[in-house]
Amino acid sequence: RGGHMSVVYNDYLYVFGGLLYDKQNKISYQEVDGPFVYRLKLAKDFGRPFAGRSWQRIRPRYKLPVAPHGKDYLPLLSRGGMRGGLWKEQNKVVIFGGLHVRAMVATTQHRVVQQDVPLGDVWSYDLQTDTWEMMADSFFPSRKDPKEETDPISPTPRTAHSAVVIGDELVSFGGMAKGLLHSWAEQSEWRTLDDFWVFDLVTKKWEEREVQPSLARAYNSLVGWKDERGENVVAAFGGYRTVEQPMGEEVAVVFDETLLSSPSFSLNGTEVV
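Residues numbered from 1 in each chain as written. Predicted model: local features only at pLDDT ≥ 70, side-chain atom pairs only at ≥ 80, totals over all residues. Heavy atoms only, no water.

Turning next to the overall build of the protein. Check the secondary structure of the protein and you find one helix and 19 strands. Residues counted as buried form 43% of the 273 residues belonging to the protein. For the protein, the accessible surface area stands at approximately 15,200 Å², while carbon and sulfur atoms represent 51% of it. (Helix = DSSP H or I, 4+ residues; strand = E, 2+ residues; numbered from the N terminus. Buried < 20%, exposed > 50% of the residue type's maximum accessible area, 1.4 Å probe, protein only. Areas by Shrake-Rupley, 256 points an atom, 1.4 Å probe, with all protein chains shown as cover.)

Applying the stated criterion to the full structure yields 11 aromatic pairs. Taking the centre distance of 6.2 Å and the plane angle of 45 degrees together, the rings of F173 and F196 count as tilted. Taken together, the residues F173 in strand β13 (residues 169–182) and F196 in strand β14 (residues 187–200) connect sequence positions 23 residues apart. Of the two residues examined, F173 and F196, each falls in the buried class. (Phe/Tyr/Trp six-rings, centres within 6.5 Å; stacked < 30°, edge-to-face > 60°.)

On to the nonpolar core. Core analysis: the biggest nonpolar cluster contains 17 residues, and Y14, F16, V93, I95, Y125 and W132 have the highest contact counts within it. Contributions of two or more residues to this core are made by β1 (5–9), β2 (12–16), β9 (92–105), β10 (112–126) and β11 (131–136). Setting aside residues no more than four positions away along its own chain, I95 makes contact with M5, L77, R79, M82, R83, G84, D121, V122, W123 and W132. Membership of the second largest hydrophobic core comes to 13 residues, among which are V165, L170, F199 and L201. (Core = buried A, V, L, I, M, F, W, Y, C linked by side-chain atoms within 4.5 Å. Contact = heavy atoms within 4.5 Å.)

The next subject is the pattern of salt bridges. Counted by the stated rule, this structure contains five salt bridges. Residue D195 pairs with R158 through a salt bridge whose shortest N-O separation is 2.8 Å. Residue D195 is located in strand β14, and its partner R158 is located in the loop between β11 and β12 (162–166); the two are separated by 37 residues in the primary sequence. Note that E257 is salt-bridged to R217, the shortest N-O span being 2.7 Å. Here R217 lies in the loop between β15 (205–209) and β16 (221–226) and E257 lies in strand β18 (residues 250–261), a separation of 40 residues in the sequence. Assessed through its relative accessible area of 3%, R217 is described here as buried. (Salt bridge = Lys/Arg side-chain N within 4 Å of Asp/Glu carboxyl O.)

Peptide bonds are trans in most cases, and residues, glycine excluded, mostly fall at negative phi. The phi angle at D130 is positive, at roughly 55 degrees, despite the residue not being glycine. For Y219, which is not a glycine, the phi torsion comes out positive at approximately 60 degrees.

What follows is about the pairing of β1. Regular strands have side chains that alternate between both faces of the sheet. Only one face of β1 is buried, namely the one carrying M5, V7 and Y9, since none of S6 and V8 on the opposite face is buried. Here β1 pairs with β2 via five bridges, running antiparallel. Paired with M5 across the strands is F16, a residue of β2. In sequence, β1 turns back onto β2 through a hairpin of two residues, with N10 there showing a positive phi of about 50 degrees. (Pairing = 2+ DSSP bridges.)

Pairing is antiparallel in the open sheet, where four strands are placed in the order β1-β2-β5-β6. Of all the strands in the sheet, just β1 and β6 (56–58) have a single pairing partner and so form its edges. Direction aside, neighbouring strands of the sheet carry axes that sit 25 degrees apart on average. Note that strand β5 (residues 37–41) and β6 share three bridges and pair antiparallel. In the strand pairing of β6, V37 is matched with I58. (Axes fitted to C-alpha atoms, helices over the stretch in contact; angles between N-to-C directions.)

What follows deals with the environment of M176. Mapping M176 onto the fold places it in strand β13. For M176, a relative accessible area of 14% gives the class buried. The spatial distance from the C-alpha of M176 to the C-alpha of P157 is 8.5 Å, given a sequence separation of 19 residues. When residues no more than four places from it in sequence are discounted, the contact partners of M176 are P157, R158, T159, A160, W190, R191, T192, L193, A218 and Y219.

With respect to the element layout, Q90 can be found in the loop between β8 (83–87) and β9. For the pair Q90 and S124, spaced 34 residues apart in the sequence, the C-alpha separation amounts to 9.9 Å.

Okay, the confidence of the model for the protein next. With 79% of its residues at a pLDDT of at least 70, the protein reaches an overall mean of 82. Overall, residues 265–273 carries pLDDT values under 50, and its contacts beyond four positions in sequence, including any with other chains, amount to 24 contacts. (pLDDT = per-residue confidence, 0-100.)

As structure tokens, this is what we get:
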């Protein structure tokens, strides 16, 4: 599989999601009857070689949103390309976004093609109770707190982004979002994103941070830590985007730079190393 996510917790390696590949139809797909969580014990067992250990497959529990749309979310947990990290304070894994793939039959070519659905929701997985819980969504914006005077803001659904958990915050940068989709012609438009978002894991609210200049990219890595002042700091490395030339030709650009920034401030002072 590819596009999965992994964390290490209490001497176990946990693997979440990912996409498999159908060589015959040349499409990606999720596991049937999933989503499952896999784990492998990493600590030494006396008298038992590491190579002889086997994976455990976990069928998680779920805490779904209230009706009328609660049942619609469960299939979307099967995905690849999501990003996030370990929320150490709560013994949970947090994921954001990703790509859900729906296989469908093209009406003109009479063969199976895949429909890519980028996602914009946030889920947490309790490593002690093996339970998924939705923390935020972007598919049904009518689900808002009646006490709020304005509609909640949330990032555009995306994949190929980067994200990391620092303390009680989920930080996400960039990625790719889908524009117009012509499934019958097997065509889709993707655009590279340059936005920077922080999700408060306690209040469950998003906040967008300004990025100047535009640093649009996807497929980059992102790590985070607290500095000597206790401030959250993130570092992004590499990435990819396409740039359209004056004659309409697209050129691929691969970055080898490192970006440093503190998400608690405006990103006008982002440093490129």
